[in-house]
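Chain by chain, the residues run as shown.
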Amino acid sequence: MVPVAVTTSALTQGPGILYRGTFGQAEPADTQVNTAPAASGWTDVGGTLGGVNLTVSQKYKELEGDQIVDTVGRRLVNREAGLETDLAEPTLANLALTLNASVPVTGAGFASYDPPNDNSAATPTYCALIFDGIAPGGFTRRIFLRRSLSVADAKFSYAKDKQSVFSVSFAAHYVSSAIRPFRVVDATA
């Protein structure tokens, strides 16, 4: 029997914190990975339920030649990154985030949200996201989605025996040749 080596300090589990900012918002420096992002540009969206999932889907096209029966190689032709969660605090601000809209209007004794009258030619309101979770060693892992849109159906319900949440699925989008759509930073100390 071959012994199996497991680095127990590399195992992770636990909740994290999701922040939203406007697209183009200045990101905290890598040296600040253990510090909450500046409240002037980043808003904690509150509790989540069921975890936060980052998905990176990659599609490759096979290279082939008539004289070779084996697949010669592959080239990346499409990549999609996204983040999914259930927002456990069904506030109007989180509803606006789920619908890619600006924050709600507040007044004396009320807050309201009216969805914009967008059309298919209108440029949607992109946002930036930061998720702080646990990295191996018990340190902080920070995930940036720099230009994101909520792309799934907005669903929320009220039921006698279930907690109300906003289910949200964000997709990351191209920013520029110098700025990648997503980035992951781990603290090491």
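Just above, that's the structure.
**Some words on the overall build of the chain**
For the chain, the count of helices and strands is one helix and 10 strands. Along the chain, helices and strands appear, N-terminal first, in the series β-β-β-β-α-β-β-β-β-β-β. Relative to the compact-globule value of 16 Å for 189 residues, the chain shows a C-alpha radius of gyration of 20 Å, a clear excess of over 25%. Pairs at least 24 residues apart make up 63% of the contacts formed inside the chain by residues separated by at least 6 positions. About 12,400 Å² of surface is accessible on the chain, with carbon and sulfur atoms providing 52% of the total. Within the chain, the 17 negative side-chain charges are centred at a point lying 3 Å from the centre of the 15 positive side-chain charges.

**Quick word on the pattern of salt bridges**
Scanning all chains against the criterion turns up five salt bridges. Linking Arg141 and Asp186 is a salt bridge whose minimum nitrogen-to-oxygen distance equals 2.7 Å. Residue Arg141 is located in strand β8 (residues 140-150), and its partner Asp186 is located in strand β10 (residues 182-186); the two are separated by 45 residues in the primary sequence. Its relative accessible area of 28% is what places Arg141 among the partly exposed residues.

**Digging into the nonpolar core**
Core analysis: the largest hydrophobic core is formed by 20 residues, its most contacted members being Leu18, Leu83, Leu87 and Phe170. Contributing elements (two or more residues each) for this core: β4 (68-87), α1 (92-98), β7 (127-134), β8 and β9 (166-172). For this core, the element with the most residues is β9, which contributes four residues. Setting aside residues no more than four positions away along its own chain, Leu83 makes contact with Leu18, Val52, Asn53, Phe131, Leu145, Val168, Ser169 and Phe170. Counting eight residues, the second-largest nonpolar core is a separate cluster that includes Val33, Ala128, Ile130 and Val185.

**Brief notes about the packing of aromatic side chains**
One pass over the full model with this rule turns up three aromatic pairs. Between the aromatic rings of Phe156 and Tyr158, the centroid separation amounts to 6.3 Å while the plane-to-plane angle is 85°, which identifies the pairing as edge-to-face. On the basis of relative accessible area, Phe156 is assigned to the partly exposed category, the value being 41%. Among the aromatic residues, ring-to-ring pairing joins Phe156, Tyr158 and Phe166 into one connected group.

**Here's the deal with unusual backbone geometry**
One non-glycine residue, Asn100, lies in positive phi territory at about 55°. Within the fold, Asn100 resides in the loop between α1 and β5 (105-107). For Asn100, a relative accessible area of 17% puts it in the buried group.

**Side note on the pairing of β8**
Extensive coverage of β8 is indicated by the burial of nine of its 11 residues. Linking two consecutive strands that pair antiparallel, namely β7 and β8, is a turn of five residues; a positive phi of about 90° is found at Gly137 within it. Inspection of the sheet shows β8 paired to β10 by five bridges, in the antiparallel sense. Across the sheet, the residue bridging to Ile143 is Val184, located in β10.

Cut-off values and rules
- Residues numbered from 1 in each chain as written.
- Predicted model: local features only at pLDDT ≥ 70, side-chain atom pairs only at ≥ 80, totals over all residues.
- Heavy atoms only, no water.
- Helix = DSSP H or I, 4+ residues; strand = E, 2+ residues; numbered from the N terminus.
- Rg over C-alpha atoms; globule rule 2.2 N^0.38 Å.
- Contact = heavy atoms within 4.5 Å.
- Areas by Shrake-Rupley, 256 points an atom, 1.4 Å probe, with all protein chains shown as cover.
- Lys, Arg positive; Asp, Glu negative; His and termini not counted.
- Charge placed at Lys NZ, Arg CZ, Asp CG, Glu CD.
- Salt bridge = Lys/Arg side-chain N within 4 Å of Asp/Glu carboxyl O.
- Buried < 20%, exposed > 50% of the residue type's maximum accessible area, 1.4 Å probe, protein only.
- Core = buried A, V, L, I, M, F, W, Y, C linked by side-chain atoms within 4.5 Å.
- Phe/Tyr/Trp six-rings, centres within 6.5 Å; stacked < 30°, edge-to-face > 60°.
- Pairing = 2+ DSSP bridges.

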